[in-house]
Amino acid sequence: MSNIISTGFNSGSTDGELDSLEADLRRLAGLGVETVELGLTTIDLIAGGRVVKDRAERLAALTAQFPFRYTVHGLVSSNFMDPATARYQIDAAKALVEVCDRIGARVIVQHGGHLRADQLFERATADQREREALFELAEHAKRYDVRIAFENIFTTEPGQYRHTPAEVAETVKAVGHPNLVALIDFSHAYIEATYRGLNFREQIRAMAPVTGHLHVHDSFGRPQAFYKPYHLQESTALGIGDLHMPLGWGDIDWEDIFSELEFLPGTVLMMEIGARYRNEQSASLERAKGLIALNSSRTAVAAE
């Protein structure tokens, strides 16, 4: 039996209100999706590190209408390495954990941090600052039985201080908290490995033993660099950047990866596929189920 327990897609509000989120949840229910990752920072649910009670209650009433297993994506702009905003970010993340509890979500995604090229004097303490913040957040999450899923990102600016996927795994190990796991975003790892001249498969192998959540979407692992498309589809045409394409559109060998790697119990395979690919979601859902079955076979053979 695979340690991957479910698959599904991400969803969020398109206008800051709950109505557009509700419409997308109804669409996903029609596809037979089991799990939805809610982008809760697309809605004003937190103000100055505090939960907006009325909105949280409305969200809870909405999510209760559907039989989904929920996970939550926290602040996309999260950056616990930044000394100027780290305290505000921790407070906001703690509030989001409390919202998780209200809607029955047991996983919240936290992005790995970074420093700008000009923040040279902050680099010596950046790793420790991030680790202390993660431990504080994990301790808070423990009260609500919520896992913090710490995601690998990729370099977005020249000279940026950013951890590799393997270094993200080292952070999780160093913090050593039962409510903190790694999150492999395979496309992010592919892009960062290409940018740094690292071996993509070695990087995700280093993460797998401490990984309890997955972000799956296809790409060609080509860094965005200075290319600026006029239309988003032009980046797709060139295969450049973090494309969030349907499975099979890029060149990631999903079957080989899932026949090799083993993850922590309770892992969710979450597909972050762009909204413009809604017509391709059904096919991606079937392929993801096949990956889980393949991973299950791999786990069974390893146990013999």
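Refer to the structure printed above.
Everything quoted here is computed from the prediction, not taken from an experiment.

A. Structural context of the environment of alanine 141. Note that alanine 141 resides in helix α4 (residues 123-142). Residue classification places alanine 141 among the buried residues on the basis of a relative accessible area of 0%. Residues alanine 141 and leucine 21 lie 120 residues apart in sequence; the distance between their C-alpha atoms is 25 Å. The contact partners of alanine 141, leaving out residues within four places of it in the chain, are Val97, Val146, Ile148 and Asn179.

B. Highlighting the packing of helix α3 (residues 86-103) against α4. Orientation of α3 relative to α4, taken along the N-to-C sense of each, is 20 degrees, at an axis distance of 10 Å. In terms of their interaxial angle, α3 and α4 are classed as roughly parallel. Considering only the axes of α3 and α4, their crossing is right-handed. Contacts from Arg87, Ile90, Ala93, Lys94, Val97 and Glu98 in α3 reach Ala133, Glu136, Leu137, His140 and Ala141 in α4. Taken together, the residues that form the contact of α3 with α4 break down as 6 nonpolar, 1 polar and 4 charged.

C. Expanded view of the packing of helix α2 (residues 53-63) against α3. Here α2 crosses α3 at 35 degrees, and the two axes come no closer than 9 Å. Considering only the axes of α2 and α3, their crossing is right-handed. Every residue of α3 that contacts α2 at Lys53, Ala56, Glu57, Leu59, Ala60 and Thr63 is listed here: Val99, Arg102 and Ile103. Of the residues assigned to the contact of α2 with α3, the class counts are 5 nonpolar, 1 polar and 3 charged.

D. Geometry of helix α7 (residues 200-207). All buried positions along α7 are accounted for by Phe200, Arg201, Gln203, Ile204 and Met207. Here the buried residues of α7 occupy an arc of 160 degrees about the axis, which is enough to place them on one side. Packed against the buried residues of α7 are α5 (165-175), β10 (180-185), α6 (186-196), β11 (211-216) and α9 (254-260). A distance of 3.0 Å separates the backbone nitrogen of arginine 201 from a side-chain oxygen at the start of α7, and that oxygen is part of asparagine 199.

E. Examining the sheet that holds strand β8 (residues 147-151) more closely. The parallel closed barrel is built from 8 strands, whose spatial order is β1-β2-β5-β6-β8-β10-β11-β12. With direction set aside, neighbouring strand axes in the sheet form an average angle of 30 degrees. In terms of strand pairing, strand β1 (residues 4-12) meets strand β2 (residues 35-39) through 5 bridges, oriented parallel. Looking across to β2, one finds that asparagine 10 is bridged to glutamate 37. Strands in contact with α4 are β6 (107-111), β8 and β10; relative to β8, the strand with the most contacts, it is inclined by about 150 degrees.

F. Broad picture of the side chain of serine 20. Within the fold, serine 20 resides in helix α1 (residues 18-31). From its side chain, serine 20 meets the backbone oxygen of glutamate 17 in a polar contact 3.3 Å long. The residues contacting serine 20, other than those within four sequence positions of it, are Ser13, Thr14 and Asp15.

G. Seen up close, the layout of surface pockets. Estimates place the volume of the largest pocket at around 720 Å³. Considering the residues around the largest pocket, the lining is formed by 36 residues, among which Asn10, His73, Val76, His244 and Glu272 are closest to the centre. Of all elements in the fold, only β1, α1 and β2 reach the threshold of two or more residues within the lining of the largest pocket. When residues of the lining of the largest pocket are assigned to their parent elements, the largest contribution, 4 residues, is made by α1.

H. Expanded view of α4. Between its first and last C-alpha atoms α4 spans 29 Å; for 20 residues at 1.5 Å apiece the expected length is 28 Å, and the two agree. Regarding α4, the residues found buried are Ala126, Arg129, Glu130, Ala133, Leu134, Leu137, Ala138, His140 and Ala141. What you see down the axis of α4 is that its buried residues fit within an arc of 165 degrees, all on one side.

I. Region of the structure containing the packing of aromatic side chains. Tallied over the full model, the rule gives 8 aromatic pairs. Taking the centre distance of 5.0 Å and the plane angle of 65 degrees together, the rings of tryptophan 249 and tyrosine 277 count as edge-to-face. Pair noted here: tryptophan 249 is in the loop between α8 (232-238) and α9 and tyrosine 277 is in the loop between β12 (267-271) and α10 (281-303), with a separation of 28 residues, a long-range link. Relative accessible area serves as the criterion here: at 39%, tryptophan 249 is assigned to the partly exposed category. For tyrosine 277, a relative accessible area of 5% corresponds to the buried category. Between phenylalanine 258 and phenylalanine 263, the ring centres sit 5.9 Å apart and the planes meet at 55 degrees, which makes this aromatic pair tilted. Phenylalanine 263 shares its class with phenylalanine 258; the two are buried. Through successive ring pairs, a cluster of aromatic residues spans Phe186, Trp254, Phe258 and Phe263.

How each quantity is defined
- Residues numbered from 1 in each chain as written.
- Predicted model: local features only at pLDDT ≥ 70, side-chain atom pairs only at ≥ 80, totals over all residues.
- Heavy atoms only, no water.
- Helix = DSSP H or I, 4+ residues; strand = E, 2+ residues; numbered from the N terminus.
- Buried < 20%, exposed > 50% of the residue type's maximum accessible area, 1.4 Å probe, protein only.
- Contact = heavy atoms within 4.5 Å.
- Axes fitted to C-alpha atoms, helices over the stretch in contact; angles between N-to-C directions.
- Parallel < 35°, antiparallel > 145°, perpendicular 65-115°, else oblique.
- Left-handed = near helix turned anticlockwise from the far one by under 90°.
- Nonpolar A, V, L, I, M, F, W, Y, C, P; charged D, E, K, R; others polar.
- Arc of directions from axis to C-beta.
- Polar contact = N/O pair within 3.5 Å; in protein donor to acceptor, adjacent residues only side chain to side chain.
- Pairing = 2+ DSSP bridges.
- 1 Å grid on protein atoms, 1.4 Å probe; cavity = no way out; pocket = protein on both sides within 12 Å on 5 of 7 lines; lining within 4 Å.
- Points joined across faces, edges and corners; volume = space filled by probe spheres on them.
- Expected span 1.5 Å × (residues − 1).
- Phe/Tyr/Trp six-rings, centres within 6.5 Å; stacked < 30°, edge-to-face > 60°.

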